[in-house]
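Residue strings, one per chain:
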Amino acid sequence: QKLRNTVDWEEEKVVVLLYGLFLGHDKLPNKIRSLSYGAKAGSLRLRMKLLPILTLSTYAANLFPLNIQVVFGALFGEDINRQLSLSSVQFVHKICDSASDQVLKTIGPMLKQGLLKSVQSAASADLKLSGRVYLGLGKLSTRCPSLFSSDVYLLSLLLSMLEQEDRELIADLKEGLFLMTEAYKAVLGTSDEEMLEELLLKYINKSDSTACCVALRFSNILHPTSHLPSRYLCLLALGSSMNEVVDEARAGLRGSDNDKLPEFEAAVKYISVCTKDRLNTPSLCYTVGTHRLPYIPVVFQEVLKFVKQCLEVTIPEHMVLKKERFSILRQTLSNLPGEIVSQYRELLISALVPAAPGHLHLNAMEHLAQLSGALPETLTLSLPWCEVFLTAPLPLLRYHTATLLGIASTSSKDPQLVDSWGERVLKLLNDKNGTYETHDGCVLAAGFLTPCISPHLATKLFSTTISFFNTDHLIGVCTSISNTASLLDLGVVIGTESLEKLHQQLITAISQNKEQKSLISLTSGLGSLHVHNTTVRLDQTLNTLLNTGRHNLLELNFSTGKTLSLMSSGAGSPPTIPDVFVNVMKPGVTRETQMTKDILKKIIREYVLGEVREVEIQAASIWILSLLKYCTDTPSIKSYRSDIQHALSVLLSNKDTLTQEIASEALSLLYSTADETTKTHLIDMLKFTLLNETVPHKHVDMDTKIFSTEDLGKLPSSLGGGNLTTYKELCSLASDMGQPEMIYQFMHLSNHSSIWSDRIGAAFGVGNLVKCAGKELEPYLANIIPRIYRYQYDPNLKVQQSMSNIWSVMVSKPKETVDKYLKEIIADLKTNIHSRMWRTRESCSNALGDLVRTRTHDDVILSEMPEFWLLVLKLMDDIKDSVRKSAAKTAEVLSKASVSVCKIEHGARGARAISTILPILLDNGITSSLVELQTIAILTVMKISENAGKLLSPHVHVIIPAFIAASANIEPKAFGQVTTMVSGSTEDKDKLEAARAALAISSPLVAVIDKCIRCADDSQLEILVPTVSSLAKSTVGLTPRITLLHTVSLLAVYKQQDLTKWVGKLMGAMFTVLLDRSPAVRDKCAATVAVLIRYAKPSTVDNVLDKLRGWYLEKDDTVRQLVAMVMNKITNTAPDVLRTVHSAVVPITLFGKHSKEETERAQWEMVWLELGVSDQSVILLYLSDISSLCSLSLQSTSWTNRIQAADTLGTVATVLGPSYPPLQIPPNVDLLLAATAARTFPGKSAILSALAKTLTSPKRSKVSDLGVEEEKVVSVFLRECRKKDSEYVSQVMRSLGDVLLGVEVTDCWEEVWDICSAYLIPLPEDEEEEGEEKKEKRKKTETFTIQ
């Protein structure tokens, strides 16, 4: 697991060795067998560990035939288990994903057979294994479709398994089958196509099974949306009780954006045939009472909708008005054969079975009314049949039935028949026992029948109809009034007096009613009175209609706008004719009336430019739009165009988004009919507003309204509690607050709000004008496109939505447009990303992130990537929190893009990318004091290093020092807290530091350093080594120093001989770190020195040992222990090096063995053992070097060194014994004698003990035989025995005794007796023990010991 991220699993040697361990040496091809080093086939446990590792390697997936051997061995071998089989199938997935086409072409058939065998074997009882096998078959089909396209039997087998498999397996099996859909496209047009169609139909008919869902997916993918049989199957599947089947069926009917629906003629033919076949098969029908429907109601509704969609495909999308759509429908249906229209009508009528559900009736009647309105001459109608639906419970069904009756009566050539219908409706209306539905349906029908029947009957019918005005039928009555008054003068029908009464009733009802649906009907009825009649008072009607704007009801405003247009157009004009009657009645020409000018003037002066509420301004914009839409060709509109344009410009600056959107739509209508001068003016105005960051200056006086009523709230109650809107009120508030300068902040806020309000309005304007003025805007696109692109990412959701709409309208091909203006977009983002306004900075950041995400490998983006990094890194330290978050997300996008373009497979392009991106990340990111910047920079460089390979080589000398410095920031903050807590315990502190060191070595930064060192060459080492050496002297902190030391160790391990010439410089740096206060750092540094010395020159080795020896002899105890530890690690790591310098190592090691510190002495003893030499022989060989070292130490001012040197010479004498070279004894004796001249210090007796051993160990009979002056030696001992320190004298006397027993000396017993007698003669018992001298003598007697 530790090596998984550091080993190159694509290296041939590694992969072959893994295969060798899995299969065995003898199973490998001859040409690569040598790379396996004779490995034997691994055990089951080993193979279980190896196979997941092989799955990591793309090279392993492509190595044929070893890949297929592993798969079959793990699936069907002898020594296998469940886990190994699962890993084998996972390896198959890897092969399908990563293997080349050539390899898959070879092994694909074998893999297919193996997977099928695995499914059908007894092992398939393992659900998890079977699920992976199904997914493997699916993935294999995507890479080798030819293996599956000719195998319809396999598809049949897998579909049948859907009904047999466990529920846990169904998801995997479905996913595998879905992956196979593309492979079976090749079946189309072959002999197997019919078999495949039958198979899919078989399972689609099982609409309540999972197999049905899969079969539908196959059918939808194999056939386009225009393929009628497959769409018909989707229609049938909509009746399934399973949601997933219904969803798949709807997806098939919906298709993709580029799919086309079948032609209407073909759809009607096919569905008619299928419908008849189903009616002839009772088992397939849906029975309703005594009637049979060919489909269940839900499916029948969808069938009718589908056929209608096929019909409406012929209508252009820009045809918004229903009248235009009915005209196109008539033209389309007239060009079709008569039998097609008849079949379509029969299909609709077959759904109108009385006992069928109401919603099916509604759909069928709506479509029948649409068909009859398009071709009224083909309609034949029976009133009794209509009565069933005219009295139905659904209101819309009654309305469509009344409409159908109106079409029939208007197009009928038999007046008597129409009158009979009118009489029947009148009779039903007069029936007091009639139901609500009956009366409501007849009221609606009366509105269509009144204009077509005889005048006498019309008067009766309409009078009866309006008698229901104050009942629950108010909406129906108003609808009837509107339809009747649009076609004839009601003054003729009911008389002027009754008409005036009706007019007042409508006005009163409007003023008293607040329900939107009722108000819509009432206003429509009121306005329609003026279409044919001029006697009704217009001013009352107009005031009443315009006052409805205060209700803030959107649908009502649009209805009022249409009513105003109807009034303005005059009798016989297209707006006055009901939509469905456009093909029934021949419209006249819109006539000019004074009413149009009056309406426009009143709306603009009182509602647009006047002081009214925002909701009324919004209503005014809707009314103007309606007038332009329905009356655009009238002379009044054309002559009043400049005033309309000014009014719309004002509306565009309104803060209400809907008002702006409606005004922009009106502008587009105005533009489409304007002259060239007006068009140019409109474009210039909108362009200026969109491209400039300021709004035009305007004069401000004390009463100027700066904010809307609710923008800033109200004044405090102590100041009157009024609204804060005007300049005067704002000045008063600023003065009362004691901060007069706040007025400037208020004005800036107002200006800022105006900018964005105008920009949204301009956005709506451009979005609509561009539809009409595409060519005129082309010269400005280089400036507009970058702005609109940026505004799409504005934090203001309204601006964002507006600009997105503009973009979708203005840019038909977004990718090509962005490519064309990419440089301009980038320049705009770079200019504004550090704008004064935080909204602009945030939008630039968001836009930049999306631009880089979608064009990662674009050359322009790549060239700008360094500057992008600089801009975003700076933005991550922004004062605004939302800007910082946006910049962080953009930085993540830049990180992914940088990693993607810096891969080794990009070759020279990747090298250029690394050379431009890395310096920015290292200089501005990793070195930053901001944690977020450091984190993203470090993560990016780490990910780049994972895929860059040798491309990192030129940058190693920069990456490694930067990562060493950055390592100080990756340590968890908890360590600092714990360090403070355990600061009093040395043992705990040392453990904690050891844990911190281990964490530093295992950090991801060290892994990157490892990769960098591997790809470094000599030229990089020449720069890197001096830098690392310098860092060693300047770096502080445990983690950075541990990281640096580990870096030096890696340099030594990977570069070895290349590093030889640099070892001396690195050693000097290491000796600086060796003196660190942290035990963990000292331990790691000692290990690093040990590694370095392996590759050092002999002169460098000598210098290192001299330095260590000097430290040991001159420094304090801590350094002496450190030297012992270093020597121990060197002995363990580089024993061969020490064998060549025994003359330098043996003396100091022997010297160190005599340390009084237990830990230090143990280290030196381990070094001595590692040297592996005989004590006597090695001491004899290097005796002169040992003596020289001891000579220096005996002359040292350090008591510790003197004692240690004396002990060393004593050991030398003891070990050598009679072998002690005679010529070496006198100099050593002189050294010891000279050392005794110093004053007494603790441990000085060791010098005399060593002198005694040196004199006695050679086993000579006399001292003079040793070449030593006897008198000088004896005098020294006697002198030291006369010292006052009794304990010291005791130890000296012991050494003197050794000398006297070991060798013959001249008679000196008298001197010895004089010294000893003072201690041996006891005091008289009766003598008073007074005085200090007597007490001291007794003490000496008690403690003295003589041999």
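Predicted, not measured: the structure shown is a model, and the values here were computed from it.

Calculation criteria
- Residues numbered from 1 in each chain as written.
- Predicted model: local features only at pLDDT ≥ 70, side-chain atom pairs only at ≥ 80, totals over all residues.
- Heavy atoms only, no water.
- Helix = DSSP H or I, 4+ residues; strand = E, 2+ residues; numbered from the N terminus.
- Buried < 20%, exposed > 50% of the residue type's maximum accessible area, 1.4 Å probe, protein only.
- Contact = heavy atoms within 4.5 Å.
- Areas by Shrake-Rupley, 256 points an atom, 1.4 Å probe, with all protein chains shown as cover.
- Core = buried A, V, L, I, M, F, W, Y, C linked by side-chain atoms within 4.5 Å.
- Polar contact = N/O pair within 3.5 Å; in protein donor to acceptor, adjacent residues only side chain to side chain.
- Salt bridge = Lys/Arg side-chain N within 4 Å of Asp/Glu carboxyl O.
- Patch = residues over 30% accessible without salt bridge, like charges linked within 9 Å, V, L, I, M, F, W, Y side chains within 5 Å.
- Axes fitted to C-alpha atoms, helices over the stretch in contact; angles between N-to-C directions.
- Parallel < 35°, antiparallel > 145°, perpendicular 65-115°, else oblique.
- Left-handed = near helix turned anticlockwise from the far one by under 90°.
- Nonpolar A, V, L, I, M, F, W, Y, C, P; charged D, E, K, R; others polar.
- pLDDT = per-residue confidence, 0-100.

Description of the overall build of the protein chain
The secondary structure content of the protein chain amounts to 71 helices and two strands. In the protein chain, which comprises 1347 residues, the share counted as buried stands at 52%. For the protein chain, the share of sequence-separated contacts (at least 6 apart) that also reach a separation of at least 24 residues comes to 70%. On the protein chain, roughly 61,600 Å² of surface is accessible, and the fraction owed to carbon and sulfur atoms is 52%.

A word on the nonpolar core
One finds Tyr19, Leu177, Phe264, Leu564, Ile644 and Leu648 to be the most contacted residues of the largest nonpolar core, which totals 208 residues. In this structure Tyr19 touches Gly24, Leu28, Leu54, Ala60, Leu63, Leu66, Asn67, Val70 and Phe91, once residues within four positions along its chain are discounted. Core analysis: the next-biggest nonpolar cluster, separate from the first, contains 191 residues, Trp1062, Ile1186, Ile1203 and Ala1206 among them.

What to know about the side chain of Asp440
Here Asp440 lies in helix H24 (residues 436-449). Reaching out from Asp440, the side chain makes a polar contact with the side chain of Arg398 at a distance of 3.0 Å. Those residues within four positions of Asp440 in sequence are excluded, and the remaining contacts are Arg398, His473 and Gly476.

Structural notes on unusual backbone geometry
The omega torsion across Phe64 and Pro65 is 5°, close enough to zero to call that bond cis. Its place among the elements puts Pro65 in the loop between helix H4 (58-62) and helix H5 (66-76). Here the phi dihedral of Asn552 falls at roughly 55°; this positive angle occurs in a residue that is not glycine. Here Asn552 is to be found in the loop between helix H30 (538-547) and helix H31 (554-569).

Concerning the pattern of salt bridges
Following the criterion strictly, the structure yields 29 salt bridges and no others. With a closest N to O distance of 3.6 Å, Glu302 and Arg250 form a salt bridge. Taken together, the residues Glu302 in helix H17 (residues 297-312) and Arg250 in helix H15 (residues 243-254) connect sequence positions 52 residues apart. For Glu302, a relative accessible area of 14% gives the class buried. Counted as one network, the salt bridges with shared partners bring together Lys308, Glu312 and Glu366.

Focus on a nonpolar patch on the surface
Residues Tyr286, Ile296 and Val298 make up a contiguous nonpolar surface patch of roughly 230 Å² in combined accessible area. Turning to its location among the elements, Tyr286 is positioned in strand E1 (residues 286-288). Since its relative accessible area comes to 32%, Tyr286 is described here as partly exposed.

Details of the packing of helix H50 (residues 956-966) against helix H54 (residues 1018-1034)
Contact pair H50 / H54: the axes reach a minimum separation of 9 Å and the direction vectors enclose 20°. Between H50 and H54, the crossing angle belongs to the class labelled roughly parallel. Regarding H50 and H54, the two cross each other, and that crossing is right-handed. Here Val956, His957, Ile960, Pro961 and Ile964 of H50 lie close against H54, whose contacting residues are Gln1020, Ile1023, Leu1024, Thr1027 and Leu1031. Looking at the contact of H50 with H54 residue by residue, the classes come out as seven nonpolar, three polar and no charged.

Brief notes about the confidence of the model for the protein chain
In the predicted model, the protein chain carries a mean pLDDT of 78, and the fraction of residues at 70 or more is 83%. Taken together, the stretch residues 741-767 has pLDDT below 50 and engages in 71 contacts with residues farther than four places along the chain or on a different chain. Here residues 1326-1330 is a poorly scored stretch, pLDDT under 50, and it has four contacts once near neighbours within four places are set aside; other chains count.

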